[in-house]
Amino acid sequence: MGVNNVEKAYEMAKEKYASIGVDTEKILKDLEKVKLSIHCWQGDDIKGFLFPNQELTGGISVSGNYPGRARTPQELKQDLEKALSLIPGKHKVQLHAIYADTEEKVDLDELEPRHFKSWVDWAKKEGIGLDFNGTFFSHPKSASGFTLSSPDKETHDFWVEHGKRTRKIAEYFGKELGQQSINNFWIPDGFKDNPIDKVLPRTRLKEALDEIMEEKIDEKYTIEAVEGKLFGTGVESFTVGSHEFYMAYALTRGKLWTIDAGHFHPTEDVSDKFSAFLQFGKGLMLHVSRPVRWDSDHVVILDERLTRITRSLVRDNQLDKVNIGLDFFDATINRIAAWVIGARNTLKGLLIGMLVPIEELKAAELSGDYTTRLAVTEALKTFPAGAVWDYYCMKHSVPVEEKWLAEVQQYEKDILLNRN
Ligand code: RNT
Ligand code: ZN
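Quick notes on the rules
Residues numbered from 1 in each chain as written. Chains lettered and ligands numbered in written order. Predicted model: local features only at pLDDT ≥ 70, side-chain atom pairs only at ≥ 80, totals over all residues. Heavy atoms only, no water. Pairing = 2+ DSSP bridges. Helix = DSSP H or I, 4+ residues; strand = E, 2+ residues; numbered from the N terminus. Axes fitted to C-alpha atoms, helices over the stretch in contact; angles between N-to-C directions. Contact = heavy atoms within 4.5 Å. Core = buried A, V, L, I, M, F, W, Y, C linked by side-chain atoms within 4.5 Å. Buried < 20%, exposed > 50% of the residue type's maximum accessible area, 1.4 Å probe, protein only. Phe/Tyr/Trp six-rings, centres within 6.5 Å; stacked < 30°, edge-to-face > 60°.

1. A word on the sheet that holds strand E4 (residues 181-185)
- An order of E1-E2-E3-E4-E6-E8-E9-E12 is seen for the eight strands of this closed barrel, with the pairing classed as parallel. Here the strands of the sheet are splayed against their neighbours by 25° on average, with no regard to which way each runs.
- As defined by bridge partners, strand E6 (residues 222-227) adjoins strand E8 (residues 256-260) across three bridges and the pair is classed as parallel. Paired with Val-226 across the bridge in E8 is Trp-257.
- Along the sheet, helix H10 (residues 335-354) contacts strand E1 (36-39), strand E9 (284-288) and strand E12 (322-326); its crossing angle with E1, the most-contacted strand, is approximately 160°.

Written out as structure tokens, the structure is:
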């Protein structure tokens, strides 16, 4: 579709939305303010660069062997640049500790900000922010299945030191890039079979986290987020860092709680948790993902699960308290397309959430007029949100929906397939 037609379709959509009191021009400006935190690990199947021969552990897995995986920091940056060029807006990238860019032989308990300098330089060049994650898996010291909650002193000390190092790195990101860097903690600790003692592992985890967080760091630069889970493969019976554990930790320590859409029972509506937690909590980090029957980390599609999340954020005015990160990994398709599809869908979901006469509907609900509430929300489902989205993409010099794939295919031919 040519530029003129994108504009024409937008003008018609704008008029239609205006007829129900929705100001599309204002919404386009609001959408611009949203930053997604795009996860680097979709680009290389969570291998990282520190220990390239280490197998992926921690109860998460990537399936597929689509050609073109990024093998070096340079390749990953190049792929991220391609993906970012197809996603409208200015965003953030979240790294994991294993993505350090250094020639040195350095272990996780020895990492320093300087090992991430090339990422900071790159982020400055791209005009984006960086978030961070400690890597508490895929390492010989996590082989027992326990990291921060380990009863073994040496293991405990190693992971606590790693945790402390991550805070320094995230602080460095925040200082250098002039925006807060979210430092997310997820650990795989747990038991395959029923434990006898569920108290001590959790006490150890609480104390280890407190030890890591002991030093005060200015929240202007970084804040920690803690991510719980229901279970992982090989850890079916008991997860030390459960949801209630981390929710309570975040509340009592003034940290962010991370909600990963794949970490709950498949029928649980995670979006319902935001307004409950935020009555009390400082803020949230999201790992937007798509669980298929379990925590499968499929690429995010524009389904009801996603729009429930994005609608809640918009309707309940929570965008300034919620950091929207992505977390999925699929190696059966082009990895750049995976990023682009997941990120664009998340933005589209937010746009759809915004293209609603929210105040009018809240007033209808308050007055008990549920007929209007149902009629309008149903009518909106066939309103021309796609025309507004195309226009938004065009305004941001990013290809419209039917055009970006050709660019990824060209990149695959020119770059990815030459990596063999
Ligand atoms: C694992 C968590 C965690 C990881 C990434 C790689 O279940 O979701 O966030 O996916 O850290
Ligand atoms: Zn996650």
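After that view, the rundown keeps rolling.
2. Some remarks on the nonpolar core
- Core analysis: the largest hydrophobic core is formed by 119 residues, its most contacted members being Phe-116, Trp-119 and Leu-148.
- Top contributing element to this core by residue count: H10, with 10 residues.
- Once residues within four sequence positions are removed from consideration, Leu-148 is found in contact with Phe-136, His-156, Trp-159, Val-160, Ile-187, Asp-189, Arg-204, Leu-205, Ala-208, Leu-209 and Ile-212.
- Listed in part, the five residues of the second largest apolar core include Ile-223, Ala-225, Leu-256 and Met-285.

3. Describing the packing of aromatic side chains
- Counting across every chain of the model gives 19 aromatic pairs.
- Measuring from centroid to centroid gives 5.6 Å for Phe-132 and Phe-173, while their planes differ by 90°, and the two rings are edge-to-face. Of this pair, Phe-132 sits in strand E3 (residues 129-133) while Phe-173 sits in helix H5 (residues 153-177); the two residues are 41 residues apart in sequence, bridging distant segments of the chain. Each member of the pair, Phe-132 as well as Phe-173, carries the same accessibility label: buried.
- Their ring planes at 40° and their centres at 6.0 Å tell us that Tyr-172 and Phe-173 sit as a pair that is tilted.
- Given a relative accessible area of 18%, Tyr-172 falls into the buried group.
- Phe-173 gets classed as buried once you look at its relative accessible area, which sits at 0%.
- An aromatic cluster is built from Phe-116, Phe-132, Tyr-172 and Phe-173, whose rings are joined through pairwise contacts.

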